[in-house]
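# What the coordinates show
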Amino acid sequence: MQKTAAVRRSQAERTDTTRAALVAAARELFLGRGYAATGTPEIVAAAGLTRGALYHHFADKTALFLAVAEQLAQEVADDVARGSAHHDRPIDALLAGAEAYFSSMGQPGRARLLLLEAPSVLSLAQLMALSERAGSQALKEGLAHLLGPAREPVPLHELTVLLSAAFDRAALAMAQGEAPGPYREAFRRLFTGLARG
């Protein structure tokens, strides 16, 4: 019985190692060259594996791209969570989270992959899940704390959708070389205005 469990564990470890190697190779190529310019033969060569291994773990290049995008989105979310974690005032947490988001999205190729390529490769449902993962849920929670119990009902979902789009547009602008300072100031004023009601 112990031998069978060890064999299963060993097989699971090999599976995880192979999958991780494919995702790591694809990530480097997608970030460096883009989705369209990267072929599956290049990915398996970079991973030191066969095309059979790729298609055993992923249905196609799109499925592998999704795995890479999910990994990147989770890294963005983790950066935002760390950035906003130690602030007592909701506005400070939101501003620190915004700064962390821009810094994380400023990693080479990340904004292009998540904000330009993903919409042309993935389905709408997959894009919405990526957005949730990359921080829109944290933004929604931060806005709820900032606004507190309002006298009038606040369309929190819609406000989050609009601000998420603004964050993405600003991240793209910064990735293309625009100065980050004015965008940071714009978000500071926006959050301050929301806090005042």
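This write-up is about the structure you can find in this document. (Residues numbered from 1 in each chain as written. Predicted model: local features only at pLDDT ≥ 70, side-chain atom pairs only at ≥ 80, totals over all residues. Heavy atoms only, no water.)

Relative orientation of the contacting elements helix 5 (residues 90-105) and helix 7 (residues 124-147) amounts to 160°, with a least axis distance of 9 Å. One finds that helix 5 runs roughly antiparallel with respect to helix 7. Pair helix 5 / helix 7 crosses with left-handed handedness. Across the interface between the two elements, P90, I91, L94 and Y101 from helix 5 touch A134, L139, G142, L143, H145 and L146 from helix 7. (Axes fitted to C-alpha atoms, helices over the stretch in contact; angles between N-to-C directions. Helix = DSSP H or I, 4+ residues; strand = E, 2+ residues; numbered from the N terminus. Parallel < 35°, antiparallel > 145°, perpendicular 65-115°, else oblique. Left-handed = near helix turned anticlockwise from the far one by under 90°. Contact = heavy atoms within 4.5 Å.)

Its location among the elements puts A144 in helix 7. Among the residues examined, A144 registers a relative accessible area of 35% and is labelled partly exposed. Distance from A144 to H157, taken between C-alpha atoms, is 9.9 Å for residues 13 residues apart in sequence. (Buried < 20%, exposed > 50% of the residue type's maximum accessible area, 1.4 Å probe, protein only.)

Topologically, S136 is positioned in helix 7. The class of S136 is buried, set by a relative accessible area of 8%. Sequence-distant contacts of S136, that is, excluding residues within four places in its chain, are made with S131, T160 and S164.

Those residues of helix 2 (residues 40-47) not exposed but buried are T40, I43, V44 and A47. Here the buried residues of helix 2 occupy an arc of 90° about the axis, which is enough to place them on one side. Of the exposed residues in helix 2, those oriented more than 90 degrees away from the buried face are A45 and A46. (Arc of directions from axis to C-beta.)

Packing of helix 5 against helix 8 (residues 156-175) brings their axes to within 9 Å, and their N-to-C directions diverge by 45°. It follows from the interaxial angle that helix 5 and helix 8 lie oblique. Relative to helix 8, the crossing made by helix 5 is right-handed. Between helix 5 and helix 8, the residues in contact are A98, Y101, F102 and M105 and F167, D168, A170, A171 and M174, respectively.

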